[in-house]
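Residues per chain are reported as follows:
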There are 2 protein chains.
Amino acid sequence: MSDGSLGGYATLEELLEAHVPADKLQHAKRVLYGLNVGEPVADLAMSPDVRERAKQMDFDLRTALFRAAPEQLRPPRVVRIGLIQNKIVLPTDAPFADQAKAIRDRVGQMIDTAGQAGVKVVCLQEAWHMPFAFCTREKVWCEFAESAETGDSVVFCQAAARKWGMVVICPILERDGPHNETVWNTAVVIGHNGNIIGKHRKNHIPRVGDFNESTYYMEGNTGHPVFETAFGRIAAFGMNGAELVFNPAATVGELSEPLWPIEARNAAIANSYFVAGINRVGTETFPREFTSGDGKPAHKDFGHFYGSSYVAAPDGSRSPSLARHKDGLLVADIDLNLCRQTKDKWGFQMTARYDMYADFFARYVRPDFKPQILRDPAL
Amino acid sequence: MSDGSLGGYATLEELLEAHVPADKLQHAKRVLYGLNVGEPVADLAMSPDVRERAKQMDFDLRTALFRAAPEQLRPPRVVRIGLIQNKIVLPTDAPFADQAKAIRDRVGQMIDTAGQAGVKVVCLQEAWHMPFAFCTREKVWCEFAESAETGDSVVFCQAAARKWGMVVICPILERDGPHNETVWNTAVVIGHNGNIIGKHRKNHIPRVGDFNESTYYMEGNTGHPVFETAFGRIAAFGMNGAELVFNPAATVGELSEPLWPIEARNAAIANSYFVAGINRVGTETFPREFTSGDGKPAHKDFGHFYGSSYVAAPDGSRSPSLARHKDGLLVADIDLNLCRQTKDKWGFQMTARYDMYADFFARYVRPDFKPQILRDPAL
């Protein structure tokens, strides 16, 4: 069980589909995937060419469709989005330039397939252009960091954006030259014309086990920006008006696999927006051994990045997962009208107690903060 | 499918267990229930008398055990908690006093069983002492509201607390006499000596469909208190230091069943505390018809309260659910040490960006708030 596999199945859905009879499966799926909440998540029509291409290039291709109700005063705002998860291609002891080039070539295949499939906004995984080497604590991997304006990965994604008229979110390890070589974990948002709209630097930096990421880069200083693109307002944050939030991630089975199906859905529900959770895939082995702060002997890999990228909708429903062991492209049609419809239905944006939160946080950040505790006088 | 049943199974777990072979089931459960994250959720030893009593009285009894790692400087802090979900007993057109008395008698059976089973903190469901009549919008049901200090339900729970040396959380519809008959949705926290430690009034009042609860009571004014009891710090809030949070709820299948397995677990993970989610059970029919704001014809019930109460742990694991159609008592042993251990592991309490949140909320609540939006200049 240490590999955390799914007993030979590519996804949890496939495991359940293989064993639970259809009349019972509908009940399980209603609770697990929300198929009865809002509109069903259905399969998307897709040209055989695109499916054939995915087969030839040996990556997982899955689709989903999220409908919204018709409105009288506003047309549907359907956007076709793409999520790409990728393994590294060459071993981690290959020359860095070769490693980076091989990844770009591979991801380029999937980006082009997304373009052929009519995707208008595509997002890659966290630090997609390099191995997730932070587990090693070796600073040599900082060489992969690049400029968010002129780095190879960014220029590569700008070309793809121009080629397909597609917004590309390109999450990189950023080298910030003007600020004295500071390193950040940054998502660069590239417009459909290939221009850079802006960037967001990761705010919450893990300091856990092999994800000792604070060794490498600092807490982001770009706030909570929302990017207004030709195809909608995208970001990582709801209160500034995002309707589609991408969460490019890299996380392994033993640490987080039971959390993965929860977090994106909870964020989508709580904020009435779509969330696309994209996780790295594959097991990465490093040249020199390292320990993981868990008392176990040194080793050269730190577990399996389990992929399983998916889309969660504001009404609580979700798409199927991409595979657990394979590169993949998930194509989803989402009607952004579902965001405001969900806000109108649940009203979280109004029943939230923002005054109370503002007051609480203002007090909490003070060094002399006193928690509100009512103690049983009998104690 | 409008009954939203589980195809004849009491819980989702039982549905899966009936169809998925054991060697595959372990993989599905690892992802769905987090059995590989932290310690396993195991069955709790329980006297046959208690099990026999549950059988005779025809309520669902389930158990769970959440372990923490041994520490050198602190002993385990295992607390046995109980979650009780209950149907109403008499029809809603019976005299109100009879309805309330019948519910107290029934819930008393389960509280006594909890006491016999050694439970030290028990929590009842939201407004457990009355039908969930808010769907009707009729003000006649306000008669069920009672004083949080001297009401029948509170006095009843105080007696139970004294009898068993048990903390009781008693969520009622509160009638606030000193404030001119204001009505609140209030959880009264009763100490193990039967004294009232304090109360919390629900902050976020739904205004959705049949849950037009703002018709009846106001947004709470008690802040985010944490109650320090003989058996731990309990509340609904983590940043004031709660280690165990009860969420007494009442929600129906079509509205929220796919959200139910997510929300408590996400809160437990995000705040590094235990969450006990308790949902009402049964279908309640009212004397006079009402509409649900969904364009459908008037009717006399608004769906099935699906029970399914469960406990979520800070490490992402969870207990089995209570049944979907039956009264029930869930008994769980939880080691509160797991809270700080999880905080030490993940460090969310440190990597959170409280300064940024404080600044954001302070700006957000201003009428002239401007969202941080980066617009593609090509637009």
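In the annotation of an unreviewed UniProt entry, chain A is listed under the name Beta-ureidopropionase and assigned to Gonium pectorale. Per its UniProt entry, chain A bears the Pathway (unreviewed entry) comment "Amino-acid biosynthesis; beta-alanine biosynthesis." Quoted verbatim from the Sequence similarities (unreviewed entry) field of UniProt, the annotation for chain A is "Belongs to the carbon-nitrogen hydrolase superfamily. BUP family."

Trainee: Even after reading the chapter, I still don't get the packing of helix 1 (residues 12-19) of chain A against helix 2 (residues 22-33) of chain B, so can you show me in this structure?
Mentor: When two helices pack together, their arrangement is captured by the angle between the axes and the distance separating the axes. Interaxial distance between helix 1 of chain A and helix 2 of chain B falls to 10 Å at its minimum, and their mutual angle equals 140°. By the criterion of interaxial angle, the relationship of helix 1 of chain A to helix 2 of chain B is oblique. As for how helix 1 of chain A packs across helix 2 of chain B, the hand of that crossing is left-handed. Side by side, helix 1 of chain A and helix 2 of chain B meet where Leu-12, Leu-15, Leu-16 and His-19 of chain A of the first sit next to Lys-24, His-27, Ala-28, Val-31 and Leu-32 of chain B of the second. Of the residues contributing to the contact of helix 1 of chain A with helix 2 of chain B, the split by class is six nonpolar, two polar and one charged.

Trainee: Looking at this model, I keep getting lost on the sheet that holds strand 9 (residues 226-229) of chain B. Mind explaining?
Mentor: Spatially, 17(A)-9(B)-10(B)-11(B)-12(B)-15(B) is the arrangement adopted by the six strands of the open sheet, whose pairing is mixed. One side of each edge strand has no neighbouring strand; the edge strands of this open sheet are strand 17 (373-375) of chain A together with strand 15 (310-312) of chain B. Neighbouring strand axes in the sheet, compared pairwise and without regard to direction, differ in orientation by 25° on average. Sheet topology note: the strand 12 (residues 274-279) of chain B/strand 15 of chain B ladder contains three bridges and is antiparallel. Of the residues in strand 15 of chain B, the one forming a bridge with Val-275 of chain B is Ala-312 of chain B. Running over the sheet, helix 7 (residues 260-271) of chain B touches strand 11 (244-249), strand 12 and strand 15 of chain B and is turned about 35° from strand 15 of chain B.

Trainee: Even after reading the chapter, I still don't get the relation of the copies chain B and chain A, so can you show me in this structure?
Mentor: One copy of the chain maps onto the second through a rotation about an axis and a displacement along it. Superposing chain B onto chain A requires a rotation of 180° together with a translation of 0.0 Å along the rotation axis, leaving an RMSD of 0.0 Å. Viewed as a symmetry operation, the transformation between the two copies matches a two-fold axis. A shared binding surface is used by both copies, with 99% of the interface residues of chain B retained as interface residues in chain A.

Trainee: How do you make sense of the pairing of strand 1 (residues 60-66) of chain B when you look at a structure like this?
Mentor: Within a regular strand, the side chains alternate between the two sheet faces. All names here are of chain B. Of all seven residues in strand 1, seven are buried; the element is thus mostly enclosed. Side-chain alternation along strand 1 places Asp-60, Arg-62, Ala-64 and Phe-66 on one buried face and Leu-61, Thr-63 and Leu-65 on a second face that is also buried. Looking at chain direction, strand 1 and strand 16 (residues 328-335) are connected through seven bridges and run parallel. Note on strand 16: the bridge partner recorded for Arg-62 is Leu-330.

Trainee: Sorry, what's going on with the pattern of salt bridges here?
Mentor: Two side chains carrying opposite charge are able to pair once their charged atoms lie near each other. Summed over all chains, the structure comprises 56 salt bridges over all chains. The salt bridge partner of Arg-201 of chain A is Asp-176 of chain A, with a shortest N-O separation of 3.5 Å. Taken together, the residues Arg-201 of chain A in strand 6 (residues 196-201) and Asp-176 of chain A in strand 4 (residues 167-176) connect sequence positions 25 residues apart. Of the two residues, Arg-201 of chain A and Asp-176 of chain A, neither departs from the other in class, the shared state being buried. Residue Glu-228 of chain B is joined to Arg-233 of chain B by a salt bridge in which the shortest nitrogen-to-oxygen separation is 3.5 Å. Residue class for Arg-233 of chain B comes out partly exposed when judged on its relative accessible area of 30%.

Conventions and cut-offs
Residues numbered from 1 in each chain as written. Chains lettered and ligands numbered in written order. Predicted model: local features only at pLDDT ≥ 70, side-chain atom pairs only at ≥ 80, totals over all residues. Heavy atoms only, no water. UniProt positions renumbered as here; feature names shortened; annotations may be inferred. Axes fitted to C-alpha atoms, helices over the stretch in contact; angles between N-to-C directions. Helix = DSSP H or I, 4+ residues; strand = E, 2+ residues; numbered from the N terminus. Parallel < 35°, antiparallel > 145°, perpendicular 65-115°, else oblique. Left-handed = near helix turned anticlockwise from the far one by under 90°. Contact = heavy atoms within 4.5 Å. Nonpolar A, V, L, I, M, F, W, Y, C, P; charged D, E, K, R; others polar. Pairing = 2+ DSSP bridges. Least-squares fit on C-alpha atoms with pLDDT ≥ 70 in both. Buried < 20%, exposed > 50% of the residue type's maximum accessible area, 1.4 Å probe, protein only. Salt bridge = Lys/Arg side-chain N within 4 Å of Asp/Glu carboxyl O.

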